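Results of the structural survey
Below, each chain spelled out in residue letters.
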Amino acid sequence: MTHPPVCLVEDDAIMGESLLDRFTLEGIKTHWFRTGREALAALERHDYALVLSDIRLPDIEGETLFRTAIEKLRAVPPWIFITGYGSIDHAVSLLKLGAMDYITKPFDLDELLIKMRAVCRHCAADNGDLPMLGPSPAMRRIAATLPQLARNARTILITGESGVGKEIIAQTIHDLAQPGAPLVALNCASLSESLLETELFGHERGAFTGATRRRHGVFEQADGGTLFLDEIGDMPLSMQAKLLRVIQDKRVTRVGGEVAVPVNVRLICATHRDLRARVESGAFREDLYYRINVIHLRVPPLRERKEDVLWLARQFLRDYAAEHGVEPKQLSPEAERVLTSHRWPGNVRELKHAIERACILTPGPLIGVDFLLEDDAEAGSEGTAFEPLEAYLRHCELSYIQQALAHCDGQIAKTAGVLGISRKTLWEKLKKLGVGQGP
Ligand SMILES: Nc1ncnc2c1ncn2[C@@H]1O[C@H](COP(=O)(O)OP(=O)(O)OP(=O)(O)O)[C@@H](O)[C@H]1O
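Treat the numbers as computed from the prediction; the structure is a model and nothing was measured. (Residues numbered from 1 in each chain as written. Predicted model: local features only at pLDDT ≥ 70, side-chain atom pairs only at ≥ 80, totals over all residues. Heavy atoms only, no water.)

**Some thoughts on the overall build of the chain**
In terms of helices and strands, the chain carries 20 helices and 16 strands. In the chain, which comprises 439 residues, the proportion classed as buried is 46%. Of the contacts formed within the chain by residues at least 6 apart in sequence, a portion of 66% connects residues at least 24 apart. Looking at the chain as shown, the accessible area adds up to about 22400 Å², and 51% of this sits on carbon and sulfur atoms. (Helix = DSSP H or I, 4+ residues; strand = E, 2+ residues; numbered from the N terminus. Buried < 20%, exposed > 50% of the residue type's maximum accessible area, 1.4 Å probe, protein only. Contact = heavy atoms within 4.5 Å. Areas by Shrake-Rupley, 256 points an atom, 1.4 Å probe, with all protein chains shown as cover.)

Written as structure tokens, this is what we have:
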């Protein structure tokens, strides 16, 4: 499959050639233009995966090129600016216009490639096949471990709130390891205990009333591939003991059966629950906890990785367009602001639904704030998504402190410790932020 090339707009011959050399080495196809007008003409004719443009160009400014592209093109590719040290403010204002990122000269080529890969999947495809889950440092760290996990890990635990992408990570590991092999998923929270048992281990014919034929459970179905057990934290204790035995013995005995059948699966378990707390409260077996917790991936909620929001949103816009055979819609700057300031309690799933809803309801090519979030007040339907800076900062501080408090079970000394402030300061802040009368 051929990917669209990168559009490089750089008038400096040495810089342009160095970039071109490195990109070629990385397997990134590149079209290099030395003027803004040439680039614009090409952008009108070709599909590009990414535009990497200097801000200072000999004919039109990089900003003008970008603005013109927004006006003229039906779909503007992700855009990264190269800027001199003195014009960072300018670059930041371009981010507000919708540019994805900027890089300041002098820059390190590895750093540039990281930024490019953060916004453009194809730029990573030729370099060790690192999967892309989002440009945030947290998701990049997770993504970077996946190829190794795919090669070596037989048991993996993925935790995180509902909708953060645990299943997609399991799928990515599976695809990296054995794309042709079976991947079988089972939600352990959605079934009664007896159903869960037959789903997991299968049953023999006549094992119970209604068992008219032998049925293979998910362990056998996933043999040679991956078994994804979702919501493992909700599995009843009795079933946990049986699961542990199967993991240890690598054999499964169907309900009503006598023969233990060997199974070879990679087991990926996921839960939104705090498994350690479940162990402490006696709801989860400690031995099973250690057995499945060999490798633990913690996926942060979307509100803790805001860098991923617009990247994901653009991906969902493209997915929607591809699925419906239409041109991808664009997000207005207000829409982007609303998306990045929303807290996303439903995480990536909520974002995906919000984008799909906006695609369906927005008549034109530009998505504004109107149909983005169901809660109009939050979407800023009064015409602006801005709140005064002080209120915004206060909101951020409060939310961060509340998260730290929850993490530390409300213990003030511990919370102050993790936040790197004194207890007195924490008291004062809580009072100022109006959290009760202090702790
Ligand atoms: N990094 C990502 N890139 C693209 N899509 C994503 C990403 N993360 C999540 N999604 C999408 O968001 C939705 C929710 O993701 P997923 O089902 O993997 O979450 P989950 O953590 O397993 O949720 P739950 O705990 O509720 O089962 C899916 O439609 C998934 O495709």
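**Regarding the sheet that holds strand β1 (residues 6-9)**
Note: strands within a sheet are paired through backbone hydrogen bonds, in either parallel or antiparallel orientation. Taken together, five strands build an open sheet; the order of strands is β2-β1-β3-β4-β5 and the sheet is parallel. Two strands in the sheet have a free side with no partner beyond their single neighbour: β2 (30-33) and β5 (101-104). Direction aside, neighbouring strands of the sheet carry axes that sit 15 degrees apart on average. Across four bridges, the pairing between β1 and β2 is parallel. Across the sheet, the residue bridging to V6 is T30, located in β2. Strand contacts of helix α1 (residues 13-25): β1, β2, β3 (50-54) and β4 (79-83), with the helix running at about 175 degrees to β2, the strand carrying the most contacts. Strands β1, β3, β4 and β5 of the sheet are contacted by helix α5 (residues 109-119), whose axis makes an angle of about 175 degrees with β5. (Pairing = 2+ DSSP bridges. Axes fitted to C-alpha atoms, helices over the stretch in contact; angles between N-to-C directions.)

**Concerning the site of the ligand**
Around the ligand lies a shell of 17 residues, among which L133, S162, G163, K166 and E167 are the nearest. With respect to the ligand, the side chain of K166 contributes an N or O atom lying 2.6 Å from an oxygen atom. At a separation of 3.3 Å, an oxygen atom of the ligand approaches a polar side-chain atom of K352. Burial of the ligand by the protein amounts to 87% of the accessible area it has alone, namely 630 Å². Residues belonging to the shell around the ligand are distributed by class as follows: six nonpolar, four polar and seven charged. (Near = heavy atom within 4 Å. Polar contact = N/O pair within 3.5 Å; in protein donor to acceptor, adjacent residues only side chain to side chain. Nonpolar A, V, L, I, M, F, W, Y, C, P; charged D, E, K, R; others polar.)

**Some details on the confidence of the model for the chain**
The predicted model of the chain has a mean per-residue pLDDT of 86, with 92% of residues at 70 or higher. The least confident element of the chain, judged by mean pLDDT, is helix α17 (residues 376-379) at 44; the most confident is strand β10 (residues 226-230) at 97. Within the model, the stretch residues 376-384 combines pLDDT values under 50 with 10 contacts to residues more than four positions away or in other chains. Per the prediction output, this complex has pTM 0.63; the corresponding ipTM is 0.98. (pLDDT = per-residue confidence, 0-100.)

**Digging into the UniProt feature "modified residue: 4-aspartylphosphate" (unreviewed entry) in the chain**
UniProt records the feature "modified residue: 4-aspartylphosphate" (unreviewed entry) for D54 in the present numbering. When you line up the elements, D54 lands in strand β3. Beyond its immediate chain neighbours, meaning those up to four positions away, D54 contacts V9, E10, D11, G62, F81, I82 and K105. (UniProt positions renumbered as here; feature names shortened; annotations may be inferred.)

**What about α1?**
Its 13 residues place the ends of α1 18 Å apart at the C-alpha level, agreeing with the 18 Å of an ideal helix rising 1.5 Å per residue. Of the residues making up α1, those classed as buried are M15, G16, L19 and F23. An end-on view of α1 places all buried positions within 95 degrees of arc, on one side of the element. For α1, the exposed residues set more than 90 degrees away from the buried face come down to I14, D21, T24 and L25. Here α1 starts with a cap whose side-chain oxygen sits 3.0 Å from the backbone nitrogen of I14, and that cap is D12. Positive backbone phi, at 80 degrees, marks G27, one or two positions downstream of α1. (Expected span 1.5 Å × (residues − 1). Arc of directions from axis to C-beta.)

**Some words on a nonpolar patch on the surface**
A cluster of nonpolar residues, I360, L361 and F371, forms a patch on the protein surface that exposes about 280 Å² of accessible area. Along the chain, F371 falls in the loop between β16 (366-367) and α17. When its relative accessible area of 33% is taken as the criterion, F371 is described as partly exposed. (Patch = residues over 30% accessible without salt bridge, like charges linked within 9 Å, V, L, I, M, F, W, Y side chains within 5 Å. Salt bridge = Lys/Arg side-chain N within 4 Å of Asp/Glu carboxyl O.)

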